[in-house]
Structures are given as C-alpha cells and as structure tokens.
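Results of the structural survey
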Amino acid sequence: MDKTILITGATSGFGAAAAERFASAGWRVVVTGRRADRLRQFVDRHGADRVHAAAFDIRDTDAMLAAIDAIPPAFADIDVLVNNAGLALGTAPAQRADLAQWRQMIDTNATALVALTHRLLPGLIERKGAIVNISSIAGSYPYTGGNVYGATKAFVTQFSLGLRSDLHGTGVRVTSIEPGLAETEFTLVRTSGDQGASDKLYEGAHPITGEDIAETIWWVANLPPHLNINRLEVMPVSQSFAGFQIHRD
Ligand code: NDP
Ligand code: 8X3
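Residues numbered from 1 in each chain as written. Chains lettered and ligands numbered in written order. Predicted model: local features only at pLDDT ≥ 70, side-chain atom pairs only at ≥ 80, totals over all residues. Heavy atoms only, no water.

**Regarding the sheet that holds strand E2 (residues 28–33)**
Test applied: Should DSSP find at least two bridges between two strands, the strands are taken to pair. Only DSSP runs of H or I covering at least 4 residues are called helices, and only runs of E covering at least 2 are called strands; the numbering of each starts at the N terminus. Lines are fitted to the C-alpha atoms to define the axes, a helix being fitted only along its stretch in contact, and any angle between axes, read from their N-to-C directions, falls within 0 to 180 degrees.
Taking strand neighbours across the sheet as the criterion, the 7 strands line up as E3-E2-E1-E4-E5-E6-E7 in an open arrangement whose pairing is parallel. Strand pairing shows two members of the sheet lacking a second neighbour, strand E3 (51–55) and strand E7 (231–234), which therefore form its edges. Pairwise comparison of adjacent strand axes, ignoring direction, gives a mean angle of 15° for this sheet. Sheet topology note: the strand E1 (residues 4–7)/strand E4 (residues 80–83) ladder contains 3 bridges and is parallel. Within the sheet, the bridge partner assigned to Leu 6 lies in E4 and is Leu 81.

Below, the structure is given as structure tokens:
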C-alpha cells in the first residue's frame, strides 16, 4: 500500500487504534500527540520506515507547523488526514464551568483542527486525498454539562460540511464521524484522572471501542474514490435518546 495517513491524537483511544489499523495494513503512518514516549513505542513496534512520530502540543500552532515541515520526504505526501486529537474537560453546567477548561477545548478541538487542516489542504487537493474529522454525537444532541465540548463538536461537524462544499470538484473527500459512548481515556481526561468515574460510566454498557472507530475510519478511507460519506453517527446499541427536561415552579 503506497499511501500515507496522518493521525492526530495517536497516543491513545481512537487515534492509537487507527494508527495500529493502518500501519498493520502497510500504510505509512504519521502519528502525533504530546506523549512522545507512546509515539516512540509505536515507531519501535512498526519500524521507522513505516511510522514517523511527531510529538507536539497541537494548540501551539508554531510547533505544529514546524513538526509538519520536519516530516521526512518519505512521509510528506499525506493522502489522508485524520483530525482526531481532542478532549472534553469537566461536566459542570455553564454557570459553574472553568473558563480555562473551555478555552482548552476550543483551542484543541476547533482552532488546532482548523490550523492543521489549512496547512495540509494544498497537498490533499494535489493528491485528491481525504479528511476524516472526529466529531461527536455531543455536537448534535445537547446534554447538561456538555456546553462548550458539544459546541466544539458542532463546529467540527459544520466545518466538515463546509469543507465538502468548498472542495467541490477537487476530488478531496471529507467525512465527519460522530461517535457516541466510547471507552478510551476520554472520561479519565474529562474527570482529571478519576478512574472510578470512568469505570462506572462504561460498566455494563458495552461501549464503542477504539478498534470500532479505527475500523470505521478504515472503511471511510478505503471506499471507492467516487463515494463520500458526509456524516456518520455511531452509537453502541446500549445508548439511545431520552426526552427533554421540564422545570416546574
Ligand atoms: P483519548 O483521551 O483516549 O485520546 C485523545 C487524544 O488526543 C490523545 O492521543 C491525546 O494525546 C490527544 N490530544 C489531546 N489534547 C492534545 C493536545 N493539546 N495536543 C496534541 N494532542 C492532544 O480520547 P478519544 O480517543 O476518545 O478521543 C479522540 C477523539 O474522539 C476526540 O476528539 C474526542 O472528542 C472524540 N470523541 C470521543 C468519544 C468518546 O466517548 N471517547 C465520543 C465521540 C468523540 P496526548 O495526550 O498524548 O497529547
Ligand atoms: C463524547 C461523547 O456523549 O460523552 O464525544 O459527549 S459524549
């Protein structure tokens, strides 16, 4: 397979599973994230001829641009960009939320995603590549405490649809994948390391796994070139919809 994929947030969860999926199938994979040790382990497992690791904080645009410029020639022609790095922080309602956490979610989930996409777009157009954005059901269905996290994901979904429109005629494919309850490090991060809360949330729910979403990304990226999946909402069978809340005097 003579193709290259760049996956952000490849140190854990969906990103790590997707990196594994594509590297195992013989793609060249550029993996990014802040935890350099995990990226190095991935290179050690698959070999430096198949995997290039770029460790940076994606909120730091200069560091991100420098890391992209430093990608070795063998990995520089990126065919598929997976914008996966992201996080939720906190579950407090807006009136009790931490503004710094809100800013971190916006900077990571929205601003950084836009900056990286902007940097890679010319090459993706040249190669008729693909962009896969990891959004969330939280971008479509509001829930208490989801406030800014949900808003960043609504942004990701709408940005994906806008890109589709702008890229009309270029052959570049754009997909917004919108997962529901998935067991990764997501809840550990959201709760600032509360393993008990994370275990409790997923217990008995048979949540989505990293491998499930990796397989979804694989499917989307390997469809015949005349097909584009615009939006893909994925939930575990155990998750569905509930009603509105009503406050009474
Ligand atoms: P994880 O916490 O397991 O993985 C998140 C990844 O994002 C990590 O690799 C982390 O790398 C990276 N990341 C976070 N902040 C930064 C940063 N500032 N700079 C660089 N990399 C960063 O969670 P998931 O795999 O679940 O999350 C992946 C995506 O899926 C996110 O966008 C999330 O919002 C979305 N999602 C998750 C769902 C879920 O229920 N799990 C459901 C729907 C969507 P590192 O810490 O090494 O920097
Ligand atoms: C993660 C899904 O429902 O926890 O994006 O917000 S949810």
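**What to know about the site of ligand 1**
The following threshold applies: To be near a molecule or strand, a residue needs just one of its heavy atoms within 4 Å of it. A 3.5 Å cut-off defines polar contacts: any pair of N or O atoms within that distance qualifies, except that in protein one atom must be a possible hydrogen donor and the other a possible acceptor, and neighbouring residues in sequence count only when both atoms are side-chain atoms. Reported accessibility uses the Shrake-Rupley method at a 1.4 Å probe radius. Residues are deemed covered only where the shown protein chains occlude them. Put simply, Ala, Val, Leu, Ile, Met, Phe, Trp, Tyr, Cys and Pro go in the nonpolar bin, Asp, Glu, Lys and Arg in the charged bin, and everything else, Gly too, in the polar bin.
Around ligand 1, 29 residues are found, and the nearest of them are Thr 11, Ser 12, Arg 34, Tyr 149 and Thr 184. Within the backbone of Ala 182, an N or O atom sits 3.1 Å from a nitrogen atom of ligand 1. Considered on its own, ligand 1 offers 870 Å² of accessible surface; in the complex 96% of this is hidden by protein. Where the shell around ligand 1 is concerned, the elements lending two or more residues are helix H1 (13–24), helix H6 (147–166) and helix H7 (186–190). Here the shell around ligand 1 is composed, by residue class, of 11 nonpolar, 12 polar and 6 charged.

**With respect to the nonpolar core**
Applicable threshold: What is meant by a nonpolar core is a set of buried Ala, Val, Leu, Ile, Met, Phe, Trp, Tyr and Cys residues, joined one to another through side-chain atoms within 4.5 Å. Here's how the labels work: a residue is buried when its accessible area is under 20% of the maximum for its type, exposed when over 50%, partly exposed in between, all with a 1.4 Å probe on protein chains only. Here a residue-residue contact requires only that any non-hydrogen atoms of the pair lie within 4.5 Å.
Core analysis: the biggest nonpolar cluster contains 33 residues, and Val 29 and Ile 217 have the highest contact counts within it. For this core, the secondary-structure elements that each account for two or more residues are E1, H1, E2, helix H2 (36–46), E4, strand E5 (130–134) and helix H9 (210–221). Ignoring any residue separated from it by four or fewer positions in sequence, one finds Val 29 in contact with Ile 5, Ile 7, Ala 19, Phe 22, Ala 23, Arg 50, Val 51, His 52 and Phe 75. With 24 residues, the next largest nonpolar core counts Phe 56, Ile 58, Ile 71 and Leu 120 among its residues.

**Focus: a negative patch on the surface**
So the rule is basically this: Each patch is built from residues lacking any salt bridge and having more than 30% relative accessible area; the joining distance is 9 Å for like charges and 5 Å for nonpolar side chains (Val, Leu, Ile, Met, Phe, Trp, Tyr). What makes a salt bridge here is a side-chain nitrogen of Lys or Arg within 4 Å of a carboxyl oxygen of Asp or Glu, nothing more. His is not counted, nor are the chain ends, whereas Lys and Arg count as positive and Asp and Glu as negative. Where a charge sits is defined by one atom per residue type, namely NZ (Lys), CZ (Arg), CG (Asp) or CD (Glu).
Taken together, the side chains of Glu 183, Asp 194, Asp 199 and Glu 203 make up a negatively charged region of the molecular surface. Positionally, Asp 199 belongs in helix H8 (residues 195–202). Residue classification places Asp 199 among the partly exposed positions, given a relative accessible area of 40%.

**What about the site of ligand 2?**
Neighbouring ligand 2 are the residues Ser 136, Ala 138, Tyr 143, Tyr 149, Phe 186 and Arg 190. A distance of 2.5 Å separates an oxygen atom of ligand 2 from a polar side-chain atom of Ser 136. A distance of 2.6 Å separates an oxygen atom of ligand 2 from a polar atom in the side chain of Tyr 149. The protein chains hide 83% of the 240 Å² of surface that ligand 2 would expose on its own. Tallied by class, the residues present in the shell around ligand 2 amount to 4 nonpolar, 1 polar and 1 charged.

**Looking at the pattern of salt bridges**
This structure, assessed with the given rule, holds 9 salt bridges. A salt bridge links Glu 185 to Arg 35; its shortest N-O distance comes to 3.1 Å. Here Glu 185 is found in the loop between strand E6 (173–179) and H7, whereas its partner Arg 35 is found in the loop between E2 and H2, with 150 residues between them in sequence. Classification of Glu 185 as partly exposed rests on a relative accessible area of 23%. A salt bridge links Glu 185 to Arg 38; its shortest N-O distance comes to 2.8 Å.

**Describing the packing of aromatic side chains**
Rules: Any two rings among Phe, Tyr and Trp, with Trp reduced to its six-membered ring, count as a pair given centres within 6.5 Å; such a pair is stacked if its planes are under 30 degrees apart, edge-to-face if over 60, and tilted if neither. Geometrically, a lysine NZ or arginine CZ counts as sitting over a ring once it is within 6 Å of the ring centre and also within 35 degrees of the ring normal.
The final tally for this structure, using the stated rule, is 6 aromatic pairs. Pairing Tyr 141 with Phe 241 gives two aromatic rings, centres 5.4 Å apart and planes at 50°, and the pair type is tilted. Taken together, the residues span a long stretch of sequence, with Tyr 141 in the loop between E5 and H6 and Phe 241 in the segment after E7 at a distance of 100 residues. The cationic tip of Arg 21 hangs over the ring face of Trp 218; the distance from NZ or CZ to the ring centre is 4.2 Å.

**Remarks on the environment of Ala 17**
Position of Ala 17 relative to the elements: it lies in helix H1. The sequence separation of Ala 17 and Ala 214 amounts to 197 residues, and the corresponding C-alpha distance is 5.6 Å. Every residue in contact with Ala 17, bar those within four places of it in the chain, is listed here: Gly 210, Glu 211 and Ala 214.

**Points about the packing of H1 against H9**
Our working definition: Orientation is classified from the angle alone, with under 35 degrees giving roughly parallel, over 145 giving roughly antiparallel, 65 to 115 giving roughly perpendicular, and any other angle giving oblique. Left-handed is the label given to a crossing in which the near helix is rotated counterclockwise from the far helix by less than a right angle, and right-handed is the label when the rotation is clockwise.
Where H1 contacts H9, the two axes come as close as 8 Å, and the packing angle between them is 55°. In this view, H1 runs oblique relative to H9, as classed from their interaxial angle. When the axes of H1 and H9 are compared, the crossing they make is right-handed. The residues of H9 that touch H1, namely those facing Gly 13, Phe 14, Ala 17, Ala 18, Arg 21 and Phe 22, are Gly 210, Glu 211, Ile 213, Ala 214, Glu 215, Ile 217, Trp 218 and Ala 221. Class assignment for the residues of the contact of H1 with H9 results in 9 nonpolar, 2 polar and 3 charged.

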